[in-house]
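Take a look at the letters that make up each chain.
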Amino acid sequence: MTDVLETPAPAAAEPQIRDRADVRRQIKLVVVLALVLLAEIWFKLKIDDPTVSHLFKGPRTKDNPPVEFDGSVVSWVAVALTAAALLLAIVNRYPRGWVGVLIAVVIGIGFYGAFLMWAYADPTGAFAPAMTNPIPGTIRIATALVFGALAGVLCERSGVVNIAIEGQFIVGAFFGSVFSSFAVASIAAIPLFWCPVFGLLGGILAGVGVAAMLAFFSLRYYVDQVVVGVVLVAFGYGITSFLLGQIPDDREEQFNNPGLLEAVEIPVLVDIPYIGTALFGQNLLVYIAYVSVPAVWFLLFQTRWGLRVRSVGEHPKAADTVGIDPIRTRWQAVLLGGVFAGLGGASFTLSTGAFDKEMTAGLGFISLAAVIMGRWHPVYAALAAVMFGFLRNLRDQLSILDEKVPGDLLAALPYIATIIAVAGFVGRVRAPAADGQHYRKSD
């Protein structure tokens, strides 16, 4: 009798069902890249004379005249890069992770270049404007934003929402000016070099003072942290306007004439073409910002204190059960954030030479947006702050091209970019689980 072996029937192939999130990501990429490509093509087709000029090496002088070049190359390279990325998105092969981010950055730079070629081409007046290096202006504006973003990261990682960054900025700017001005007026007793350093001290004390008020009301009396933050912003505007009005005209030299931070050039690095002076010929505050970003990262992710801060921001009750005091840890994080916010505020007056009402112009709120866009990570938040600084500087750079780009639209550009970035590209980011939540021992 012969045994018959039954061969199992091959299993039917299961249909591949794509995740909805992956489909939404592909649709979003295709739509955004298609719009960017259409805009770049429109920019190119609207140019009659593609000859533009730049002054990337420095201000216009007899030895440094504007350099003319054909902008068509930049325009078409931008179109080609975006078209390639769009093709990858259509076939769902757009890379994820850092490669995808890198491609997005390249596409963004290409769009920026195509836009500039259109904006600076075909000058209508007798004076042909030349493109200038955007890095110095970006660094100048982004310095305060980076400090504000670090302050926000420290506070919110510990579970305290900090809406008051704008208030810390304006108060830090005022007292930075007062402290530095007082030092300048006492120049016989204080060396000139230390005058701006006194301004930094004034900014730090003011930032920590506002941070203490935020911690006191939100951690001691459990007042809603968002409400406290809004109130502190109004308080900052009000108290600085009042105090500024109390300075007599004949005493402004003594109380509102701060010494400016002098540029300190780093040897060798400052000689790098195009970017050396912009990055390594800056003042002390900029270098402090450079160092602060990795320092905060190290504190939060490589030290025991940082682990405690993150634990009370995620689950304060669990942290309490292992012996960590959530309230004390939050106080420490909020006050340390006040140091950075105060430095950001002092940067306004120590780089301009005088305090003026509402001179921070809402940059504290943009710092808060950088915190969210940077997903509560100090390095990513700092990069987002630099991006917002770049957009803010772009507004200033293009203000001379009012005929092609409406001035009102340019003024709103940083805020429009903030809304698009936070609402459209950040996606469903997850804040620290206990962010904004009060903690009581009895909970």
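Everything numeric in this text was worked out from a predicted model, so none of it was measured.

1. What to know about a nonpolar patch on the surface
On the surface, Val73, Val77, Leu81, Trp98, Val99, Leu102 and Val106 cluster together into a nonpolar patch covering about 640 Å² of accessible area. For the nonpolar patch, the element with the highest residue contribution is helix 3 (residues 97–120), accounting for 4 residues. Residue classification places Trp98 among the exposed residues on the basis of a relative accessible area of 66%.

2. Let's talk about the nonpolar core
Counting residues in hydrophobic clusters, the biggest one holds 64 residues, and the most contacted among them are Leu145, Val334, Phe340, Phe348, Phe355 and Phe388. For this core, the secondary structure elements donating two or more residues are helix 4 (135–157), helix 5 (165–185), helix 6 (195–220), helix 7 (225–245), helix 10 (284–302), helix 13 (326–352), helix 14 (363–373) and helix 15 (378–397). For this core, the element with the most residues is helix 4, which contributes 11 residues. Counting residues in hydrophobic clusters, the runner-up holds 18 residues, among them Phe43, Ala78, Leu116 and Ala119.

3. What about a negative patch on the surface?
A cluster of acidic side chains, namely Asp48, Asp49, Glu68 and Asp70, defines a negative patch on the protein surface. In this structure, Asp70 sits in strand 2 (residues 67–70).

4. Some thoughts on unusual backbone geometry
Although it is not a glycine, Tyr274 sits at a positive phi angle of roughly 70°. Assignment of secondary structure puts Tyr274 in the loop between helix 8 (252–255) and helix 9 (276–280). For Glu358, which is not a glycine, the phi torsion comes out positive at approximately 55°. Mapped onto the fold, Glu358 is located in the loop between helix 13 and helix 14.

5. Remarks on the side chain of Gln282
Inspection of the secondary structure puts Gln282 in the loop between helix 9 and helix 10. You can call Gln282 buried: its relative accessible area is 13%. Within the local environment of Gln282, its side chain forms a polar contact with the backbone oxygen of Ala278, the two atoms lying 2.6 Å apart. When residues no more than four places from it in sequence are discounted, the contact partners of Gln282 are Ile139, Glu262, Ala263, Val264, Thr277, Tyr287 and Tyr290.

6. Description of the packing of aromatic side chains
Counting across every chain of the model gives 14 aromatic pairs. Between the aromatic rings of Phe174 and Phe175, the centroid separation amounts to 5.1 Å while the plane-to-plane angle is 90°, which identifies the pairing as edge-to-face. Of the residues examined, Phe174 reaches a relative accessible area of 5% and is grouped as buried. Residue classification places Phe175 among the partly exposed residues on the basis of a relative accessible area of 28%. Their ring planes at 70° and their centres at 5.9 Å tell us that Tyr287 and Tyr290 sit as a pair that is edge-to-face. With a gap of 3 residues between them, Tyr287 and Tyr290 both fall in helix 10, about one helical turn apart. Accessibility expressed as a relative area gives 14% for Tyr287, which makes it buried. Ring pairing ties together the aromatic residues Trp42, Phe43, Phe111, Phe115 and Trp118, which thus form one cluster. Over the aromatic face of Tyr221 sits the side chain of Arg220, whose NZ or CZ is 5.1 Å from the ring centroid. A cation over an aromatic ring shows up here: Arg440 above the ring of Tyr222, its NZ or CZ 4.0 Å from the ring centre.

7. Here we look at the pattern of salt bridges
Going through the model one piece at a time under the given rule, you end up with 2 salt bridges. In this structure, Arg395 engages Asp396 in a salt bridge whose closest nitrogen and oxygen atoms are separated by 3.2 Å. Given a relative accessible area of 33%, Asp396 falls into the partly exposed group.

Cut-offs and rules
Every chain is numbered on its own, with residues counted from 1 as its sequence reads. pLDDT decides what is reported in this predicted model: residues at 70 or higher carry local features, side-chain atom pairs at 80 or more are listed and counted, and totals for whole chains, interfaces and linings draw on all residues regardless. To get the side-chain values, all heavy atoms of the structure are used, and hydrogens and water are removed first. For patches, a residue must show more than 30% relative accessible area and have no salt bridge; joins then use 9 Å for like charges and 5 Å for nonpolar side chains, namely Val, Leu, Ile, Met, Phe, Trp and Tyr. With residues, only the protein chains shown are counted as cover, and all accessible areas are computed by Shrake-Rupley using a 1.4 Å probe. Put simply, a salt bridge is a Lys or Arg side-chain nitrogen that is within 4 Å of an Asp or Glu carboxyl oxygen. Every helix listed is a DSSP run of H or I at least four residues long, and every strand listed is a run of E at least two residues long, numbered separately from the N terminus. Think of it in three bands: residues with accessible area under 20% of the maximum for their type are buried, residues over 50% are exposed, and the middle band is partly exposed, with areas taken using a 1.4 Å probe on protein chains only. As used in this record, nonpolar core signifies buried Ala, Val, Leu, Ile, Met, Phe, Trp, Tyr and Cys residues forming a set joined through side-chain atoms within 4.5 Å. For the purpose of charge, His is not counted, nor are the chain termini; Lys and Arg are scored as positive and Asp and Glu as negative. Note on charges: their place is set at NZ of Lys, CZ of Arg, CG of Asp or CD of Glu. Pairs of N or O atoms within 3.5 Å make up the polar contacts considered here, provided that, within protein, one atom can donate a hydrogen while the other can accept it, and that residues adjacent in sequence are counted only when both atoms are side-chain atoms. By definition, residues are in contact when any of their heavy atoms lie within 4.5 Å. Stacked, tilted and edge-to-face pairs are distinguished by plane angle, under 30 degrees for stacked and over 60 for edge-to-face with tilted covering the rest, among Phe, Tyr and Trp rings (Trp via its six-membered ring) whose centres lie within 6.5 Å. Consider the ring centre and the ring normal. A charge sits over the ring if Lys NZ or Arg CZ is within 6 Å of that centre and within 35 degrees of that normal.

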